[in-house]
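The primary structure of each chain is shown beneath.
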Amino acid sequence: MPGHDHGSQVKNDELYEKLREEGNSKEKAARIANAHEAGTLHPRGADLEDRSREELYAEARKIGIEGRSRMDKEALIDAIRDH
């Protein structure tokens, strides 16, 4: 539904719709659209490799990735990118 208003929770309806059409979940599409609108969206994982395992673990915890305590740095990067 192009041009559909998703309410105040989604800050960029056009981008949200594009992401949904690409198969992203409602939650992920809203998160990306809102980050883009706020100017806080980084290119896909541009700085993940520069972070420490502890920083990646904290990010994984924040976004609710299961099994994070058993993951090494590379696995955490993959899990964050796939979330």
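Everything that follows concerns the structure shown earlier in this document.
All figures in this text were calculated on a predicted structure; none of them were measured in a lab.

Trainee: Residue-level account of the overall build of the protein, with values.
Mentor: Across its full length, the protein holds 4 helices and 0 strands. Helices and strands in the protein line up, N terminus first, as α-α-α-α. Counting over 83 residues, the protein shows a buried share of 28%. Once local pairs closer than 6 in sequence are excluded, the contacts in the protein between residues at least 24 apart make up 28%.

Trainee: Tell me about helix α2 (residues 26-38), and name the residues and values.
Mentor: Taking 1.5 Å of rise per residue, 13 residues should cover 18 Å, and α2 covers 18 Å from first to last C-alpha, within 8% of that figure. Among all positions of α2, only K28, A29, A30, A33, N34 and A35 are buried. Against α1 (13-21) and α4 (73-82) lie the buried residues of α2.

Trainee: So what about the environment of K18? Which residues, and what values?
Mentor: Structurally, K18 is set in helix α1. Spatially, the C-alpha atoms of K18 and A33 are 9.6 Å apart, while their sequence positions differ by 15 residues.

Cut-off values and rules
- Residues numbered from 1 in each chain as written.
- Predicted model: local features only at pLDDT ≥ 70, side-chain atom pairs only at ≥ 80, totals over all residues.
- Heavy atoms only, no water.
- Helix = DSSP H or I, 4+ residues; strand = E, 2+ residues; numbered from the N terminus.
- Buried < 20%, exposed > 50% of the residue type's maximum accessible area, 1.4 Å probe, protein only.
- Contact = heavy atoms within 4.5 Å.
- Expected span 1.5 Å × (residues − 1).

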